[in-house]
Each structure stands twice: as structure tokens, then as C-alpha cells.
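# Topology and contacts: notes
Here is what each chain is made of, one letter per residue.
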Amino acid sequence: QVQLVESGGGLVQPGGSLRLSCTAAGVLFAIYDMAWYRQAPGKQRELVAEITIDGRPHYTDSVKGRSTISRDNAKKTMNLHMNSLKPEDTGVYYCNAEIKRLVSTPVDSYWGQGTQVTVSS
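Residues numbered from 1 in each chain as written. Predicted model: local features only at pLDDT ≥ 70, side-chain atom pairs only at ≥ 80, totals over all residues. Heavy atoms only, no water.

Summing up its helical and strand segments, the protein has zero helices and 11 strands in all. When the helices and strands of the protein are read in sequence order from the N terminus, they spell out β-β-β-β-β-β-β-β-β-β-β. Radius of gyration (C-alpha) of the protein: 14 Å, near the 14 Å computed for a compact globule of 121 residues. Seen along its three principal axes, the alpha-carbon backbone of the protein occupies a region of about 50 × 25 × 25 Å. Across the 121 residues of the protein, 41% fall into the buried class. Taking the intrachain contacts of the protein between residues at least 6 apart in sequence as the baseline, contacts between residues at least 24 apart amount to 55%. Within the structure as shown, the protein displays about 6500 Å² of accessible surface, and the carbon and sulfur contribution to it stands at 49%. (Helix = DSSP H or I, 4+ residues; strand = E, 2+ residues; numbered from the N terminus. Rg over C-alpha atoms; globule rule 2.2 N^0.38 Å. Buried < 20%, exposed > 50% of the residue type's maximum accessible area, 1.4 Å probe, protein only. Contact = heavy atoms within 4.5 Å. Areas by Shrake-Rupley, 256 points an atom, 1.4 Å probe, with all protein chains shown as cover.)

With that settled, consider the packing of aromatic side chains. Scanning the model with the defined rule gives two aromatic pairs in all. The interplanar angle of 80 degrees and the centroid separation of 6.5 Å between the aromatic rings of Tyr94 and Trp111 together place this pair among those described as edge-to-face. Placement of Tyr94 in strand E9 (residues 91-100) and of Trp111 in strand E10 (residues 107-111) is noted, with a sequence separation of 17 residues between them. On the basis of relative accessibility, which here comes to 13%, the residue Tyr94 falls in the buried class. The structure contains a cluster of three or more aromatic residues connected by ring pairs, namely Tyr37, Tyr94 and Trp111. Over the aromatic face of Trp111 sits the side chain of Arg45, whose NZ or CZ is 4.7 Å from the ring centroid. (Phe/Tyr/Trp six-rings, centres within 6.5 Å; stacked < 30°, edge-to-face > 60°. Lys NZ or Arg CZ within 6 Å of the ring centre and 35° of its normal.)

Take the sheet that holds strand E3 (residues 18-25) next. Taken in spatial order, the four strands of this open sheet run E1-E3-E8-E7, and their pairing is antiparallel. Every interior strand has two partners, whereas the edge strands, strand E1 (3-8) and strand E7 (67-72), have only one. Ignoring which end each strand starts from, the neighbouring axes of this sheet average 15 degrees apart. Relative to strand E8 (residues 77-82), E3 runs antiparallel, the two being bridged by six bridges. Counterpart to Ser21 in the pairing with E8 is Asn79. (Pairing = 2+ DSSP bridges. Axes fitted to C-alpha atoms, helices over the stretch in contact; angles between N-to-C directions.)

Of the pairings in the sheet, the one linking E1 to E3 comprises six bridges and is antiparallel in character. Bridging across to E3, Leu4 finds its partner in Ala24.

Turning to the pattern of salt bridges, a few remarks are in order. Inspection of the entire model under this criterion finds five salt bridges. Taking the shortest distance from any N to any O, the salt bridge between Glu46 and Arg38 comes out at 2.7 Å. For Asp89, the salt bridge is made with Arg66, and the minimal N-O distance between the two is 2.9 Å. One end of the pair, Asp89, is in the loop between E8 and E9; the other, Arg66, is in the loop between strand E6 (57-59) and E7, and 23 residues separate them in sequence. The pair formed by Asp89 and Arg66 is uniform in burial state, with each residue classed as buried. (Salt bridge = Lys/Arg side-chain N within 4 Å of Asp/Glu carboxyl O.)

Have a look at this one:
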């Protein structure tokens, strides 16, 4: 059984920063693309940032220039640093990863349980 465990988040003041972490727990063969999504109240889930297995990042326009996504393949972790936070960054942040559990199994998409980020004074 593979699980994605998120940590970080919480209440942050506008202009502040945060660090979110995601760790893949369990035995697995390989992790391919990893990503952070967020869902604001009443809105659809949207991509925030993603990173390929070889470390190439991609950011949605709204966080570009103030966010850094990284990963450590040996530790099966992914981090997201966000600076200059705005109230519109508020939402539940979800970790997503494309994982191959065994050599013989297909690549499946896994989601974490979500972590709340609230940007407010």
C-alpha cells in the first residue's frame, strides 16, 4: 500500500512564506511526475506546480517567481516553498504523484489527504 503524507501549511500572514512537504510511504518501484494542487472554497482543484522525475519544474502563472518546487528521489519526498503569500493562495493543498508500485503494475495516480493553507491577517 502506498500513501502520500503531507505536512506543513497552517495560518500564514499575507507576505509570509510556507513550506509544504510530501513523502511517499510504502514499498514502491518508481515515482514519476509529482505535483502540488490546491482547491479554494467553491472552486475547482487547480495545479500549482509540478516536477518531473529528473527535476524539471513547472509553475502555474499565479505562483511563478515566488515558488520553488523540489524533490529528493532517494527520500521519496517533494517540497514546495512559497513566498510573498496572498489571500488568494488560501486553500487545501494536495500532493499528487504518478507511482509504479511494482515492475509489473501500471503507473497509477496517488493523492495525499490534503493540508489546509490559510493566508490571512
